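Chain and residue survey
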Amino acid sequence: MLTIDRLTKRRGSALILSDVTFQARPGRVTGFLGPNGAGKSSTLRILLGLDRPTSGTALVDGVPFERLPDPLRTVGAVLDGSGAHRARTGRAHLSWVAAAAGIPRRRVDEVLAEVDLTGAARKRVGSYSLGMGRRLGLAAALLGDPAALVLDEPVNGLDPEGIRWMRRFLRERAEAGHTVLLSSHLMGELAEVVDDVVIINGGRVVEQGTLAEVTGAHRTLEDAFFALTTGARGDAR
Amino acid sequence: MSAYSGELRKLTSLPSVWAAFAIGIAVPAVVGVLSAVSTSSAIANGSKPEAGPDLGYQELAFGVAGAIVLGVVAASSEYFTEGESAGSGRQITTSLTAVPSRTRFLLAKVAALTTAVVLMSAIATGITLSCVQAVVGDHAHALDGAAATRVPGVVLYWVLTALLAFGITLLTRNGVVPLAVLVLNTSVVTVTFLLSKVTPLAVYFPDLAGMRMFLTEVRVPVELSPLTGGVVMAVWVVLLLACGFTAFTRRDA
Amino acid sequence: MTTVAPTRARGSEFTRSSRAEVLKLLSLPATLLTAAGSLLVSAVLAVAFATAGRQGSTGTASALDIGLAPIGYTQAGFIILGVLAATSEYTGGQVQTSLTVVPRRVLLHLSKVVALVLIAVPTALVVVLGGLVVADLVLGDAAVVPPFGDFAVGVGGAAAYLALTAVLSSSVATVIRRTIPAVAGLLVYYFIAGPLLRDRTAFAAYLPDTAGYGMWFHSGAGRFGSLSALVGTGFVVAWVVLAVAVAAVSFRARDA
């Protein structure tokens with residue numbers, strides 16, 4: 001269970017997040033949706049202890065991320081990019097992550113196979129395509145077989161086949177009882193995957209509920225999204 | 001012309017460039033004042049008859065570190081991706097789509113870099129020499145008749161050094177190596193000066209040759225005139241820039 | 001889904017994190033290139049110093065003094081090593097991965113220091129001994145071989161100075177976060193501002209470069225700064241501790 005409670009973040013005079021509150025529950029895929037710059041990444045970064053909130057809390061199973069006894073086995077995270085230095089090989093990257101978390105080395109080969117990077121494991125990350133980099137990030141997140149996954153724009157950079165694979169993968173994780181929280185600005189790609197929806201715009205949560213509740217009277221989630229986000233900020237898209 | 005002003009704008013928007021200006025102006029000025037103070041007390045207590053001819057200019061030879069940083073940053077900022085985690089956000093791709101002719105792109109960069117270094121060295125020279133003159137007074141040679149040729153010598157030395165740094169960085173596509181080589185070689189006892197103890201040919205290294213344009217006391221085995229020194233350094237710079245240009249235009253961005 | 005052995009992580013968190021940081025440094029090509037470059041520069045300069053020493057222009061043919069003289073320049077390699085160890089985190093968003101695996105930032109920072117020391121000390125020993133061997137070979141019969149005690153103190157002091165310089169540089173780079181500004185600032189300090197201040201001001205004796213002079217430049221200890229080798233070492237260590245602490249506080253307080 002991921003609990004975001006009254007999160008506010010200021011950078012200088014800019015208000016990045018204002019009173020953001022929502023939860024991501026086990027066994028469900030929670031979609032965190034909003035236009036670029038709405039505050040999705042900032043929220044996820046605070047949840048993962050990368051950025052500090054001005055006020056409010058973000059907890060993993062009731063505990064701040066920094067105090068988790070075994071973070072990599074609790075939450076797997078993929079933020080933008082690969083999260084790997086371009087001069088290292090994919091395998092070397094996963095090896096140090098495994099070493100830091102005390103995870104056996106054989107697990108590195110397992111996750112490489114799982115994201116279909118076995119063939120590129122000895123190549124430098126700098127030579128990877130955008131999609132390969134994303135899959136390497138996912139491999140690192142899966143090393144500890146965590147109970148929760150946090151993914152920032154998971155379908156960015158993936159080809160159509162990769163997007164399909166990702167959707168199936170996320171459903172399987174949720175059905176196995178895991179928590180999945182993903183952010184996206186692409187509605188069409190996500191409507192089929194998510195159970196719960198949180199829509200953020202201009203640093204504020206403008207709507208949340210199950211997929212059916214949020215879609216409501218609108219024809220699709222996409223229509224609902226545009227109605228909510230353009231209405232709240234008043235800028236035409 | 002628009003490529004030139006674009007490059008100038010790019011340079012001034014880099015924080016490292018302002019740090020380079022700070023180094024280039026502060027180092028010779030502060031050290032120059034310290035030297036001048038100790039020189040004038042030596043003159044006062046009679047241990048020295050007058051200030052050496054290179055007081056002030058010697059310090060400007062060290063301030064060239066600012067020009068080195070500027071030259072390296074002008075080239076390496078195109079390749080470095082730190083700070084942005086997105087996969088391949090290297091500026092070079094944007095730059096080359098904006099100015100498709102690579103040679104024109106480089107010439108604009110060279111022109112912008114030269115402008116910045118002329119400005120920086122002129123400010124540094126003005127401040128350093130007038131501080132030295134103010135502290136030591138009539139005993140100083142900082143602003144005597146020879147200054148008319150020595151001051152342009154300093155400016156030219158800084159410009160050529162910055163271009164040298166720029167050319168090497170184009171070849172290495174990495175700023176760390178040229179920074180290390182060139183800053184080490186601006187140290188109090190330079191590597192090239194050490195090598196001049198091994199072979200007299202070392203006087204033809206660009207820094208030792210170019211310094212002749214404004215320093216009168218360089219203790220190396222072969223004396224070069226200011227003009228010869230400047231020409232030797234310029235030849236180095238042209239050669240290295242040509243190599244850098246060739247590498248840059250032939251290589252995939 | 002494959003399953004992971006349900007065992008808890010082995011070893012203490014600090015041990016694991018330090019081991020991971022060593023793996024990180026070793027799998028970075030720049031680490032090996034920097035080490036190899038330092039060794040090469042050390043050897044080339046040892047030839048230059050020894051040639052000059054044979055001609056008597058340095059006034060001494062002590063194999064130890066001449067063999068250690070290149071340290072003045074090869075410290076650049078250790079400055080770069082330290083900077084890269086810190087700034088490589090900010091390439092490709094690696095720091096995000098590091099902090100999601102080891103979220104306790106002070107612990108992560110200290111394990112980075114440990115890993116850097118574990119890499120820098122053996123590298124420094126190789127670089128220092130390399131310079132000494134080359135100097136001895138070039139000097140040949142002219143070499144004055146020092147007693148073993150002096151030799152051990154000289155090598156140990158030089159290697160310790162280089163490793164401490166790497167740690168100091170990595171702390172500065174942790175605050176600056178970007179490679180070129182950190183390398184430029186440190187090199188300008190160590191090679192230009194530092195030596196110039198050394199000759200002109202009294203307080204320079206307490207700065208990390210001049211205070212550390214006595215750790216490796218034995219016959220020159222009196223000439224550069226007023227501190228004895230031991231007191232000088234104390235000042236360098238104090239600077240390093242201060243720098244590590246400032247970097248840890250900054251790393252902890254800022255958004256990654």
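Note that the structure is a prediction, hence the values are computed from the model and not measured.

Thresholds, definitions, all that
Residues numbered from 1 in each chain as written. Chains lettered and ligands numbered in written order. Predicted model: local features only at pLDDT ≥ 70, side-chain atom pairs only at ≥ 80, totals over all residues. Heavy atoms only, no water. UniProt positions renumbered as here; feature names shortened; annotations may be inferred. Helix = DSSP H or I, 4+ residues; strand = E, 2+ residues; numbered from the N terminus. 1 Å grid on protein atoms, 1.4 Å probe; cavity = no way out; pocket = protein on both sides within 12 Å on 5 of 7 lines; lining within 4 Å. Points joined across faces, edges and corners; volume = space filled by probe spheres on them. Nonpolar A, V, L, I, M, F, W, Y, C, P; charged D, E, K, R; others polar. Contact = heavy atoms within 4.5 Å. Buried area = accessible area lost by both parts, 1.4 Å probe. Salt bridge = Lys/Arg side-chain N within 4 Å of Asp/Glu carboxyl O. Polar contact = N/O pair within 3.5 Å; in protein donor to acceptor, adjacent residues only side chain to side chain. Buried < 20%, exposed > 50% of the residue type's maximum accessible area, 1.4 Å probe, protein only. Axes fitted to C-alpha atoms, helices over the stretch in contact; angles between N-to-C directions. Parallel < 35°, antiparallel > 145°, perpendicular 65-115°, else oblique. Left-handed = near helix turned anticlockwise from the far one by under 90°. Arc of directions from axis to C-beta. Core = buried A, V, L, I, M, F, W, Y, C linked by side-chain atoms within 4.5 Å.

1. A closer look at the UniProt feature "transmembrane region" (unreviewed entry) in chain B
Residues given the UniProt feature "transmembrane region" (unreviewed entry) here are residues 17-40, 110-135, 155-172, 179-205 and 225-248 of chain B. Strand forms 0% of residues 17-40 of chain B and helix 100%; the C-alpha atoms that close the span are 34 Å apart.

2. Let's talk about empty space enclosed by the protein
Residue and element names in this part refer to chain C. Applying the stated criterion to the full structure yields five cavities of 30 Å³ or more. There is about 210 Å³ of room inside the largest cavity. Forming the walls of the largest cavity are 21 residues, and the residues nearest its centre are Glu21, Ala85, Ala86, Glu89 and Lys112. Taken together, the elements giving at least two residues each to the lining of the largest cavity come down to α1 (13-26), α4 (71-87), α5 (94-101), α6 (105-139) and α7 (148-176). If one sorts the elements of the lining of the largest cavity by residue count, α6 sits on top with five residues. Classifying every residue of the lining of the largest cavity gives ten nonpolar, six polar and five charged.

3. Some remarks on the interface of chain C and chain B
The interface is formed by 32 residues belonging to chain C together with 32 residues belonging to chain B. Between chain C and chain B lies a buried interface of about 2,800 Å² when both sides are counted; carbon and sulfur atoms form 76% of it. Notably, a salt bridge pairs Arg200 of chain C with Glu59 of chain B, separated by 3.4 Å at the nearest N-O pair. In this structure, the connection of chain C to chain B is made through four residue pairs in polar contact (both at pLDDT 80 or more). Among the elements of the structure, α2 (29-54), α4 and α8 (179-200) of chain C are those that each provide at least two residues to the side of chain C that touches chain B. Ranked by the residues each element gives to the side of chain C that touches chain B, the list is headed by α8 of chain C, at 13 residues.

4. Remarks on the side chain of Ser42 of chain A
By secondary structure assignment, the location of Ser42 of chain A is in helix α1 (residues 40-47). In this structure Ser42 of chain A touches Arg11, Ile16 and Leu17 of chain A, once residues within four positions along its chain are discounted.

5. A short note on the interface of chain A and chain C
Across the contact, 46 residues belong to chain A and 39 residues belong to chain C. For the chain A and chain C pair, buried surface summed over both sides reaches about 3,500 Å², with 53% attributable to carbon and sulfur atoms. Broken down residue by residue, the surface that chain A buries against chain C is led by Leu50, Arg88 and Trp96 of chain A, which jointly contribute 19%. Counting the contacts that link chain A with chain C gives two salt bridges. Among the ionic pairs, Lys9 of chain A bridges to Asp255 of chain C, the shortest N-O distance being 2.7 Å. The tally of links from chain A across to chain C stands at 17 residue pairs in polar contact (both at pLDDT 80 or more). When residues of the side of chain A that touches chain C are traced back to their parent elements, those giving at least two are β1 (2-11), α2 (71-74), α3 (90-101) and α4 (106-114) of chain A. The biggest single contributor to the side of chain A that touches chain C is α3 of chain A, with eight residues.

6. A short note on unusual backbone geometry
Residues and elements named next belong to chain A. Phi is positive for Asp61, which is not a glycine, with a value near 50°. One can find Asp61 in the loop between β4 (55-60) and β5 (63-64). Its relative accessible area of 48% is what places Asp61 among the partly exposed residues.

7. Observations concerning the pattern of salt bridges
Should the charged atoms of two oppositely charged side chains come close, the side chains can pair. Scanning all chains against the criterion turns up 27 salt bridges over all chains. Asp145 of chain A is the salt-bridge partner of Arg173 of chain A, the closest N and O atoms lying 3.3 Å from each other. Of this pair, Arg173 of chain A sits in helix α6 (residues 160-175) while Asp145 of chain A sits in the loop between α5 (130-142) and β7 (148-152); the two residues are 28 residues apart in sequence, bridging distant segments of the chain. The residue Lys112 of chain C makes a salt bridge to Glu89 of chain C at a minimum N-O spacing of 2.6 Å. Of the two residues, Lys112 of chain C is situated in helix α6 and Glu89 of chain C in the loop between α4 and α5; the sequence distance between them amounts to 23 residues.

8. Observations regarding the packing of α7 of chain C against helix α11 (residues 229-253) of chain C
Residues and elements named next belong to chain C. With their axes 8 Å apart at the nearest point, α7 and α11 run at an angle of 25° to one another. For the element pair α7 / α11, the angle class is roughly parallel. Between α7 and α11 lies a crossing of left-handed hand. Side by side, α7 and α11 meet where Leu164, Val167, Leu168, Ser171, Thr174 and Val175 of the first sit next to Val236, Val237, Trp239, Val240, Ala243, Val244, Ala247, Ser250 and Phe251 of the second. A breakdown of the residues in the contact of α7 with α11 according to their chemical character gives twelve nonpolar, three polar and no charged.

9. Considering helix α1 (residues 2-12) of chain B
Since one α-helical turn is 3.6 residues long, residues separated by three or four positions face the same way. All names here are of chain B. Of all the positions in α1, only Ala3, Glu7 and Leu11 are classed as buried. The buried residues of α1 occupy one face: seen down the axis, they fall within an arc of 75°. Turned more than 90 degrees away from the buried face of α1 sit Ser2 and Arg9, all of them exposed.

10. Description of the nonpolar core
Grouped together as the largest cluster of nonpolar side chains are 149 residues, with contacts concentrated most on Leu70, Trp158, Phe166 and Leu179 of chain B together with Leu187, Phe191 and Ile192 of chain C. Ranked by residues supplied to this core, first place goes to helix α7 (residues 147-172) of chain B with 14 residues. Leaving out residues up to four positions away in the same chain, Phe191 of chain C has contacts with Val183, Leu184, Ser187 and Val188 of chain B together with Gly72, Tyr73, Gln75, Ala76 and Ile79 of chain C. Membership of the second largest hydrophobic core comes to 85 residues, among which are Ala24, Leu68 and Tyr128 of chain A together with Val101 of chain C.

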